[in-house]
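Spelled out, the chains give:
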Amino acid sequence: QVQLVESGGGLVQAGGSLRLSCAASGRTASRYAMGWFRQAPGKAREFAAAISLNGDRTYYADSVKGRFTVSRDNAKNTVYLQMNSLKPEDTAVYFCAAGGVRAPTRVYDYDYWGQGTQVTVSS
């Protein structure tokens, strides 16, 4: 069992920024690729961003590319999602996940999930 806890969500105006953090138990951040997914009301959970175990490769959904940046600090067992130029369509619950070594953009490739943190972007 691996525990992931997201934080940093909140309400922000369009064009603003938020920085999400995901604290992992044990050495999770150093053992797994880490991903960020989001789910808006009435919609399926979708991929947002991911980062490889060593942080040398990153992946982004087209919808967030150029605006979001994923990073990790394995010494702190923490992964981050810096979100800039936020849009109302970014409004969703954001989930941190561990896994994704073969298919980092796919929900099914992740074994552990956080509880989610709400991000709301007003227009």
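Residues numbered from 1 in each chain as written. Predicted model: local features only at pLDDT ≥ 70, side-chain atom pairs only at ≥ 80, totals over all residues. Heavy atoms only, no water.

Engineer: Help me understand the overall build of the chain, please; the structure alone is not making it clear to me.
Structural biologist: Within the chain one finds one helix and eleven strands. Put simply, the chain runs from its N terminus to its C terminus through helices and strands in the order β-β-β-α-β-β-β-β-β-β-β-β. Over its C-alpha atoms the chain spans a radius of gyration of 13 Å, differing by no more than 12% from the 14 Å that the globule rule assigns to 123 residues. Across the 123 residues in the chain, those meeting the buried criterion constitute 46%. Nonlocal contacts in the chain, meaning residues at least 24 apart in sequence, comprise 57% of its contacts between residues at least 6 apart. The averaged location of the 9 negative side-chain charges in the chain is 3 Å from the averaged location of its 14 positive side-chain charges. (Helix = DSSP H or I, 4+ residues; strand = E, 2+ residues; numbered from the N terminus. Rg over C-alpha atoms; globule rule 2.2 N^0.38 Å. Buried < 20%, exposed > 50% of the residue type's maximum accessible area, 1.4 Å probe, protein only. Contact = heavy atoms within 4.5 Å. Lys, Arg positive; Asp, Glu negative; His and termini not counted. Charge placed at Lys NZ, Arg CZ, Asp CG, Glu CD.)

Engineer: Help me understand the sheet that holds strand E8 (residues 78-83), please; the structure alone is not making it clear to me.
Structural biologist: Strand pairing in a sheet relies on backbone hydrogen bonds. The paired strands run either parallel or antiparallel. Sheet architecture is open: four strands sit in the order E1-E3-E8-E7, paired in antiparallel fashion. Both edges of this open sheet fall to strand E1 (4-7) and strand E7 (68-73), since each of them pairs with a single strand only. Across the sheet, the mean angle from the axis of one strand to that of its neighbour is 15°, orientation sign disregarded. Bridge count between E1 and strand E3 (residues 18-24): four bridges; the pairing is antiparallel. In the sheet register, Glu6 faces E3, and the bridge partner there is Cys22. (Pairing = 2+ DSSP bridges. Axes fitted to C-alpha atoms, helices over the stretch in contact; angles between N-to-C directions.)

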